[in-house]
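One letter stands for each residue in the lines below.
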Amino acid sequence: MMSLITNQTKGVYVIAVTPFLPDGAIDRSSIDSVTDFYFDQGADGLTILGMMGEAPKLTLEESVAITRQTLKRAAGKPVIVGVSAPGLAAIGELSHQVMEAGAAGVMVVPPSALRTDEQILNYYRNVIETLGPDVPVVLQDFPLATGVQMSSEVLIRLFAAHPSIVMLKHEDWPGLQKISAIRQSEAGGSRRVSILCGNAGMFLPEEMARGADGAMTGFGYPEMMVEVTRLVSNGQRDLAQDIFDVYLPLMRYEQQPGLGLAIRKHILARRGAIAHASQRHPGSVLSSAAISEVEYLITRQEAKLAQLR
């Protein structure tokens, strides 16, 4: 039986890519291989059908089928499913099916039309009413992508009003003070939430030091996130930073708008996690020059890791 996420959940939940064949069909064999890869590299759980999982390009039937196959392959390890959609009916239908299949929780990103605090509060109240109070919810705070600005005060109000929101996917930038504000509020008596962080891990050492519980992102080297979160949690901040610094040039390169997923899939294909780097249309393709740059950064990364070890 799949365990549900809670406000105490910690660790690394990798944002999984959705593998496709060159013709755009779902690569079902690679769903198994990439799931194995993430867990072999030390992931505590997975999050599927997120923004970098090309979820908007999937039909409902495909989303459910991918979820079922991933859950089967995960063999009891926790899998969170992104269920964001323009309408609440679609969110409710997908959530019902994936939770029934054994998902550990669902992730909901606010629609870009939300502009005021009251609109945000009302939206998530409607989401929780749609899902029911027993479905664990991850609230994704990613203003760079959504344009929705949620202050720490609004988030704290949401957590207080809805106990089923057990996790914040923190992806604000800059947003370190938001983590501090939430943890300070909890020290004063507010309800605790789990905080896992995104942004491709670009600020992971600082986020962990501010009180985050781990990472929820999809960098092509998840073992880095596993090791950094473990070391910071164990008080080995300098060693964690040394390891993080080795991967930073490649993480920076992946942050290019519009190319990030192509770079990530290239690396995963290179590492044997997926058979093809293909995206379902519309999607970007790396030029030969970009591939050469990625390969150069990987070569330097491997050499620096060998020196560090």
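Quick note: structure is the one above.
Below, the structure is looked at part by part.

Cut-offs applied
Residues numbered from 1 in each chain as written. Predicted model: local features only at pLDDT ≥ 70, side-chain atom pairs only at ≥ 80, totals over all residues. Heavy atoms only, no water. Helix = DSSP H or I, 4+ residues; strand = E, 2+ residues; numbered from the N terminus. Pairing = 2+ DSSP bridges. Phe/Tyr/Trp six-rings, centres within 6.5 Å; stacked < 30°, edge-to-face > 60°. Buried < 20%, exposed > 50% of the residue type's maximum accessible area, 1.4 Å probe, protein only. Lys NZ or Arg CZ within 6 Å of the ring centre and 35° of its normal. Contact = heavy atoms within 4.5 Å. Polar contact = N/O pair within 3.5 Å; in protein donor to acceptor, adjacent residues only side chain to side chain.

Things to note about the environment of Val-79
- Along the polypeptide, Val-79 turns up in strand 3 (residues 79–82).
- Residues Val-79 and Lys-169, spaced 90 residues apart in sequence, show a C-alpha to C-alpha distance of 15 Å.

Side note on the sheet that holds strand 1 (residues 11–15)
- The eight strands are arranged 1-2-3-4-5-6-7-8 in a closed barrel whose pairing can be described as parallel.
- Of the strand pairs in this sheet, strand 6 (residues 165–170) and strand 7 (residues 194–197) are connected by four bridges, and their pairing is parallel. Bridge pairing links His-170 to Cys-197 in strand 7.

A word on the packing of aromatic side chains
- The tally for this structure, following the rule as stated, stands at six aromatic pairs.
- Aromatic side chains Trp-173 and Phe-203 sit 4.9 Å apart centroid to centroid with 75 degrees between the ring planes, which places their arrangement in the edge-to-face category. Taken together, the residues Trp-173 in the loop between strand 6 and helix 7 (176–187) and Phe-203 in the loop between strand 7 and helix 8 (204–210) connect sequence positions 30 residues apart.
- The class of Trp-173 is partly exposed, set by a relative accessible area of 31%.
- Taken together, a centroid distance of 5.7 Å and an interplanar angle of 55 degrees make the contact between Tyr-221 and Tyr-247 tilted. With a gap of 26 residues between them, Tyr-221 in the loop between strand 8 (214–215) and helix 9 (222–233) and Tyr-247 in helix 10 (residues 237–254) connect regions that are remote in the sequence.
- Judged by its relative accessible area of 3%, Tyr-247 falls in the buried class.
- By way of ring pairs, the aromatic residues Phe-219, Tyr-221 and Tyr-247 are connected into one cluster.
- Its end group placed over the ring of Phe-39, Lys-77 keeps NZ or CZ at 5.2 Å from the ring centre.

Structural notes on the side chain of Asp-213
- In this fold, Asp-213 is placed in the loop between helix 8 and strand 8.
- Sequence-distant contacts of Asp-213, defined by excluding residues within four places in its chain, comprise Thr-9, Lys-10, Gly-11, Arg-183, Arg-192, Val-193, Ser-194, Ile-195, Leu-196 and Met-208.

Here's the deal with the side chain of Glu-62
- Among the secondary structure elements, Glu-62 is positioned in helix 2 (residues 60–74).
- In this structure the side chain of Glu-62 is engaged in a polar contact, spanning 3.0 Å, whose partner is the backbone nitrogen of Thr-59.
- Each residue touching Glu-62, except ones within four places of it in the same chain, is listed here: Ile-26, Lys-57 and Arg-280.

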